[in-house]
Amino acid sequence: MKEFLLLFSMARSKWPWLLLGLVCSVATLLANMALLTLAAWFLASMALAGASGALFNYFLPAAGIRALALLRVIGRYGERLFSHDAALRLLAELRVRFFERLAPLAPAGLGTAHSADLLSRMRADIDLLDNFYLRLLLPAGAALCVGFFGFIFLSVFDFTLAMGVLGLWLMVGVFLPFFVLRAGAAPGERQVAGLARMRCLAVDGLSGLEELLAYGAAGRHRRVFARESRGVLKDQVRLARLDGLSLAGVGLASGLAGWLALLIGIPHVQGGVWPPAVLPMLAVFALVSFEAVQPLPAAWRMWGQIRTATARIMDVTERPAPIPDPVCPLAVPECLDLDLRGVRFTYPGVSRPVLDGLDLALPAGKRTAVLGAAGSGKTTLLHLLTRFWEAEQGRILLNGRDIREYAAEEVRERMAVVSQHVYLFNASVAENLRMANPQASDEKLLAAAKAANIEDFIISLPQGLDSPVGPYGTRLSGGQARRLAVARALLKEAPVLLLDEPTEGLDEGGEASLWRTLEPLMHDRTVLLITHRPAGLEYMDEVYFLDGGRLVRRD
Amino acid sequence: MPPVPPTASEGGLFKPPSFSSKNWLREQARPATPLLSLAVALGLAAGMLLIIQAGMLASVVHDVIFEGLGLDDVFFLVLALPALMVARAALVWAAEQFGFRAAAQVKDTVRMRLYDRLMAGPSRLRHRSTGDLAHQMVDAVEGLEAYYARFLPQAALAALIPFAVLAFVFPLDLVSGLILLFTAPFIPLFMVLIGSRAERLNQRQWRRLAALSARFLDSLQGLTTLKLFNATRREAEVIARITDNYRENTVSVLRVAFLSALILEFLATVSVALAAVLIGFKLLSGSMTFQTGFFILLLAPEFYLPLRALGTHYHARLSALAAAQGIMAEFTESPSQVKSGSSRPRWQSIALRLDNISFTHTLDRKTVHQISADIPAGSLAVLVGPSGTGKTTLLRIMLQSLSPNDGRVMVNGANLAEVEHRSWMDHVSWMSQEPFFFQGTLLDNVLMREEADLSGGMISRLDQAATLTGLGRDLAVLPLGWHTPIGEGGDGLSGGQRQRLALTRAVFKGGALFLLDEPTAHLDGESRETVLAALRSLAGRHTVIVASHDPRVLEIADKVVELRNTGSDP
């Protein structure tokens, strides 16, 4: 129900278009019903007039038949155009909103969510929602309107017949869909989840192919994938069975409605209650009135899938941000003194805190290094400063005020990070660099590249700055990717420079040369170097050891 | 019955660029032909019942109105009608199912063939986005469904049922028959005229969708990086722009599709209206009985119904054609460049000889230049050289992920190119620079092949391996120990822990040859010494080849292979 309300309220901005689609849809359905009903009456009347030799004004019905035919054709086109346009606009809006809501969650609020699973939500799940508007909401609304008019029309002639046909409409439009919905909910949900798992498996398998082959796990992966795939297919066949049931049910009910018209109408005609031409007219009316309810069972069958998809989307969009911004954030000063006091932090699901009672002062313009073994919490320190995680105890002060009083984005604006794991986007060198500074000119990019000692390489590439780096930067070597990341951080021109193992993956010569290029850039900047290697320490003012969650000064 | 009866839309009027993907789609249907034929036969039978039903209805109404008969007189027919309807419903239900079963069969076959194809050779994939490939394997295959389940059976019915209807109408009324006969061919004709344009648009749209997927995956995987640069809002704008662009393109594809539906609808509706009016005049003049006229009026919509249904499924066909193009491309692309032979040796120890190996990748410019070296069995060899000289590439050549452009790798005197890949993999423990981990437990990621069902002996072997690499110390502080869950790509582990976990996996497998890329990266002091000691103790029993720029590794090595810059760039 929650999902239904969300989908319904989302449509608010586009309701005039959806309503227009509805009006067209009702007009189309009514026109077709009227066309065939009128034709049946016309034929009977003409035949009767022919038999009795009486006069019959055939101009009006003949013209009516042609007009209705045109109305139907135009109505159908309008309905499709208006409703599809509105629905697609809604989806586009939702996709952007999904990403905007997702961004504040990363990384603390996402847990171990798989990126391919998030992709499934952002792409396939959202795409699925157009069914809600086009195949569910609109046809249901149209069927309701058509049913209303149809009932009134039938009750003019015979109330019992009207009630009987109404019963059949309800059967096909409500009870059958309800049954199909109940029966289809579980396989529908399983199908969506199964497809999402298959995407994860495919992404995993393709990226880990060498490992899979080397460790003989390719067969196992194939079996798991095949099992998922067959599970999904099985559910799809199950759903198809329900689809078949709906289709057959509609055909049967429509036939029965026509039959009911005969059953009730024949005595009326014989008793002279109805003019004879009414019998074929109502029989045809009853038959064709099912065009309106026909799409409903299959549409409701989709509801299982739609609900799962909506719930998966809401799971992200409705999740509270793990690190909320203050209501009235303070302005972040240009020049920053950072001070960590008694900071304690434990990762979720881990028993021991990684930082415990940590004190560290990072005065503006000073360079500080924190040395520590792997797993000692060095990177955690960085995540706390960049506001990716929140300290559970203690405070981080920024110019004497709690860091929580500032907006996280403002804080990050002042920090440039070269982290241990470089992520490069599947885009050009320039695009990857401009991430840090969208307005930077090519000259500026190359200047930063020169500072990071990678200018020559970039120039040597066939397309220079516009050369693609490949997915995850695979066209670059580890060292080249690292230098590009350094250049990217330098372009940001932030007063605080956070270096997390900046020379990891470089050989000794490269390490030394990178430090030489970093040196002038560290002037007038607050620097925090996090490392386990002794290189670069000579450029630092203070060096601490991180051990057991606390800092020890090195003398 | 042929699997696909030729409708005009499939005919040779035009030869759009996707001609071969049509053939491909039909070829895939071959194994499902019995199921599809059954679906068509049942659908046809249901159609025939509908004609009979209309005939009975017309006869009853005629008898009542014109012969003055009552309910008792037509009782038999009135009773027979519901029986007919129930039979028809059963046929419709069955036909629908067989169509879907056929589609499921085709999807399963295609998907697993595609899986096998994509998973066959790693080197080919290194420059493709995994998001794009996963899309082909999962969603593109799903995109085929409606074609087999609905379009193909409907195409057959669209060719058969109208003829059945005509067979009844012509003897009764020539004019109505002619109206139907002459309007019918226009429907497929217009479908082809408009369809071929829609098809081109739609194919472009499908490629856009794949690109969109890849782009989104990149944004999601790099989300933390985007946040560090406060670029998420800019990225949201980019996403807004590309989704909006995608939407506009979708609408333009739909507009063409709707236009074809419009023409279809126009022809069908107007001819029914025309037939009704003409029949009306015949009835007035008395040259036709009401029974005949009413029967034709009831049949006329049924004549167009299969054609109109085909129109609604035409979009399914377009999507399937576009999806098929993407899938076909994966099959036609040149197969894995790795040359792997068929010999299946079983070696206890491995001595390697690198014989003048060169490798150039035009895309990467990653180059290995004329490397020769002898690596005796049981030695600890180190590949050294400045970054970019192809240490990793050389390891991948020895892993058989890449084939050298020139030169040979000789294993115990045999050419590696002649050894079957799977058999070679039995000998190798591989650890890449960025080790890959699955979402699962630590245990899953060490065992890899076996299910997580453990005997005591296995546990002690696991613990031994963990102690050797230093992972044991990490396990001791984790409350769940081996069963600690980790996320995609080893999320939740520190750099050093990943390194130790990957090394433990390699040690646990215990291949005759260890190929390790930077095993001491991300490690410091004590844990580095542990790993160094582990390397030393592995050597002797195993041949260990390490790519490293760590001077401490050099110190303990038995053999150093130096890679140099080739000097002049090619």
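Residues numbered from 1 in each chain as written. Chains lettered and ligands numbered in written order. Predicted model: local features only at pLDDT ≥ 70, side-chain atom pairs only at ≥ 80, totals over all residues.

1. A short note on the overall build of chain B
Here is step 1: A count of helices and strands for chain B gives 18 helices and 11 strands.
Here is step 2: What you see for chain B is a C-alpha radius of gyration of 35 Å, clearly larger than the 25 Å of a compact globule of 570 residues, by over 25%.
Here is step 3: Projected onto its principal axes, the C-alpha coordinates of chain B cover approximately 110 × 55 × 55 Å.
Here is step 4: Residue pairs in contact within chain B that sit at least 24 positions apart in sequence constitute 82% of those at least 6 positions apart. (Helix = DSSP H or I, 4+ residues; strand = E, 2+ residues; numbered from the N terminus. Rg over C-alpha atoms; globule rule 2.2 N^0.38 Å. Contact = placed C-beta atoms within 7 Å.)

2. Describing the overall build of chain A
Here is step 1: Of regular secondary structure, chain A possesses 17 helices and 10 strands.
Here is step 2: Whereas a compact globule of 555 residues would reach a radius of gyration of roughly 24 Å, chain A reaches 35 Å, over 25% beyond that.
Here is step 3: Across its three principal directions, the C-alpha atoms of chain A cover 120 × 50 × 50 Å.
Here is step 4: Taken across its 555 residues, chain A has 55% of its residues classed as buried.
Here is step 5: The long-range share in chain A, meaning contacts at least 24 apart out of those at least 6 apart in sequence, stands at 82%. (Buried ≥ 20, exposed ≤ 12 C-beta atoms within 10 Å, placed from the backbone.)

3. So, helix α11 (residues 391–398) of chain B
Residues and elements named next belong to chain B.
Here is step 1: By the criterion of burial, α11 is predominantly enclosed, with eight of the eight residues buried.
Here is step 2: Among the residues of α11, K391, T392, T393, L394, L395, R396, I397 and M398 are the ones counted as buried.
Here is step 3: Among the structural elements, β1 (352–360), β2 (367–375), β3 (380–384), β4 (406–411), β9 (513–517) and β10 (543–547) are those in contact with the buried residues of α11.
Here is step 4: Phi turns positive one or two residues past the end of α11, at Q400, with a value near 70 degrees.

4. Thoughts on the interface of chain A and chain B
Here is step 1: Taken together, the contacts link 131 residues of chain A with 128 residues of chain B.
Here is step 2: Looking at the side of chain A that touches chain B element by element, the count peaks at 29 residues for helix α8 (residues 218–270) of chain A.
Here is step 3: Taken together, the residues of the side of chain A that touches chain B sort by class into 70 nonpolar, 33 polar and 28 charged. (Nonpolar A, V, L, I, M, F, W, Y, C, P; charged D, E, K, R; others polar.)

5. Some points on the domain arrangement of chain B
Here is step 1: Along its sequence, chain B is carved into domain 1 (28–331) and domain 2 (352–562).
Here is step 2: Centre-to-centre, using C-alpha coordinates, domain 1 of chain B lies 54 Å away from domain 2 of chain B. (Domains from an automatic or database assignment.)

6. Considering the confidence of the model for chain A
Here is step 1: Summarising the model, chain A shows a mean pLDDT of 87, and 99% of its residues fall at 70 or more.
Here is step 2: Across chain A, the element-wise mean pLDDT spans from 77 in helix α17 (residues 508–522) of chain A up to 93 in helix α9 (residues 278–288) of chain A. (pLDDT = per-residue confidence, 0-100.)

7. Digging into the environment of G304(A)
Residues and elements named next belong to chain A.
Here is step 1: Structurally, G304 can be placed in helix α10 (residues 296–317).
Here is step 2: As for G304 and A186, which are separated by 118 residues in sequence, their C-alpha atoms are 7.1 Å apart.
Here is step 3: In contact with G304, other than residues within four places in its own chain, are L181, G184, A185, G188 and E189.

8. Things to note about helix α5 (residues 130–157) of chain A
Here is step 1: In this model, α5(A) (28 residues) spans 40 Å end to end at C-alpha, consistent with the 40 Å of a helix rising 1.5 Å per residue.
Here is step 2: The sharpest bend along α5(A) reaches about 25 degrees and sits at L137(A), with the proline P139(A) one to four residues further on. (Expected span 1.5 Å × (residues − 1). Bend = angle between axes of the 7 residues up to and from the residue.)

9. Quick notes on the sheet that holds strand β2 (residues 355–362) of chain A
Residue and element names in this part refer to chain A.
Here is step 1: With respect to topology, four strands assemble into an open sheet ordered β2-β1-β4-β5, the strand pairing being antiparallel. The open sheet has two free edges, formed respectively by β2 and β5 (401–402), since each of these has just one partner strand.
Here is step 2: Here two bridges tie strand β4 (residues 393–398) to β5, and the two strands are oriented antiparallel to one another. Bridging from a neighbouring strand, L398 pairs with R401 of β5. (Pairing = 2+ DSSP bridges.)

10. Things to note about the domain arrangement of chain A
Here is step 1: Here chain A is described as being made up of domain 1 (14–317) and domain 2 (338–553).
Here is step 2: Taking the mean C-alpha position of each, domain 1 of chain A and domain 2 of chain A sit 54 Å from one another.

11. Topic: unusual backbone geometry
Residues and elements named next belong to chain A.
Here is step 1: Unusually for a residue other than glycine, N453 sits at a positive phi of about 70 degrees.
Here is step 2: Positive phi is not limited to glycine here, since E493 has a value of about 55 degrees.
Here is step 3: Topologically, E493 is positioned in the loop between α16 (478–491) and β7 (496–500).
Here is step 4: With 15 C-beta atoms packed within 10 Å, E493 lands in the partly exposed category.

12. Focus on the packing of helix α3 (residues 75–118) of chain B against helix α10 (residues 290–332) of chain B
How two helices sit against one another is set out by the angle between their axes and by the gap between those axes.
All names here are of chain B.
Here is step 1: Orientation of α3 relative to α10, taken along the N-to-C sense of each, is 40 degrees, at an axis distance of 10 Å. When the axis of α3 is compared with that of α10, the two are oblique. For the crossing formed where α3 meets α10, the hand is left-handed. Residue-level inspection shows V110, L114, R117 and L118 of α3 in contact with α10, the latter providing I327, E330 and F331.
Here is step 2: Within the contact of α3 with α10, the residues separate by chemical class into five nonpolar, no polar and two charged. (Axes fitted to C-alpha atoms, helices over the stretch in contact; angles between N-to-C directions. Parallel < 35°, antiparallel > 145°, perpendicular 65-115°, else oblique. Left-handed = near helix turned anticlockwise from the far one by under 90°.)

13. Looking at the environment of L226(B)
All names here are of chain B.
Here is step 1: With respect to the element layout, L226 can be found in helix α8 (residues 223–228).
Here is step 2: Taking the C-beta count within 10 Å as the criterion, L226 has 22 such neighbours and is therefore assigned buried.
Here is step 3: The contacts of L226, once residues within four sequence positions are left out, are S219, A231, T232 and E235.

14. Things to note about the pairing of β1(B)
All names here are of chain B.
Here is step 1: The pairing of β1 with β2 spans six bridges and is antiparallel. When the sheet's bridge partners are listed, L352 is paired in β2 with I375.
Here is step 2: Here β1 pairs with β4 via five bridges, running antiparallel. If you follow L354 over to β4, its bridge partner there is V409.

15. Considering the pairing of strand β8 (residues 526–531) of chain A
Residue and element names in this part refer to chain A.
Here is step 1: Across the six residues of β8, six count as buried, placing the element largely inside the fold.
Here is step 2: Alternating positions in β8 separate into two faces, T526, L528 and I530 on one and V527, L529 and T531 on the other, with burial throughout.
Here is step 3: Examined bridge by bridge, strand β3 (residues 367–372) and β8 share five bridges and lie parallel to one another. Paired with V370 across the strands is I530, a residue of β8.
Here is step 4: Sheet topology note: the β7/β8 ladder contains five bridges and is parallel. Residue pairing in the sheet places D500 in a bridge with I530 of β8.

16. Some thoughts on the environment of G440(B)
All names here are of chain B.
Here is step 1: Looking at the secondary structure, you find G440 in strand β7 (residues 440–441).
Here is step 2: With 17 C-beta atoms counted inside 10 Å, the residue G440 sits in the partly exposed group.
Here is step 3: Distance in space between the C-alpha atoms of G440 and G490 is 9.1 Å, their sequence separation being 50 residues.

17. A look at the sheet that holds β9(B)
Residue and element names in this part refer to chain B.
Here is step 1: On the basis of which strands lie adjacent, the open sheet formed by five strands has the order β6-β9-β10-β3-β11 and parallel pairing. Two strands close off the open sheet at either side, each with one partner strand: β6 (428–431) and β11 (559–562). Averaged over neighbouring strand pairs, the angle between their axes works out to 15 degrees when direction is ignored.
Here is step 2: With four bridges joining them, β3 and β10 adopt parallel strand pairing.

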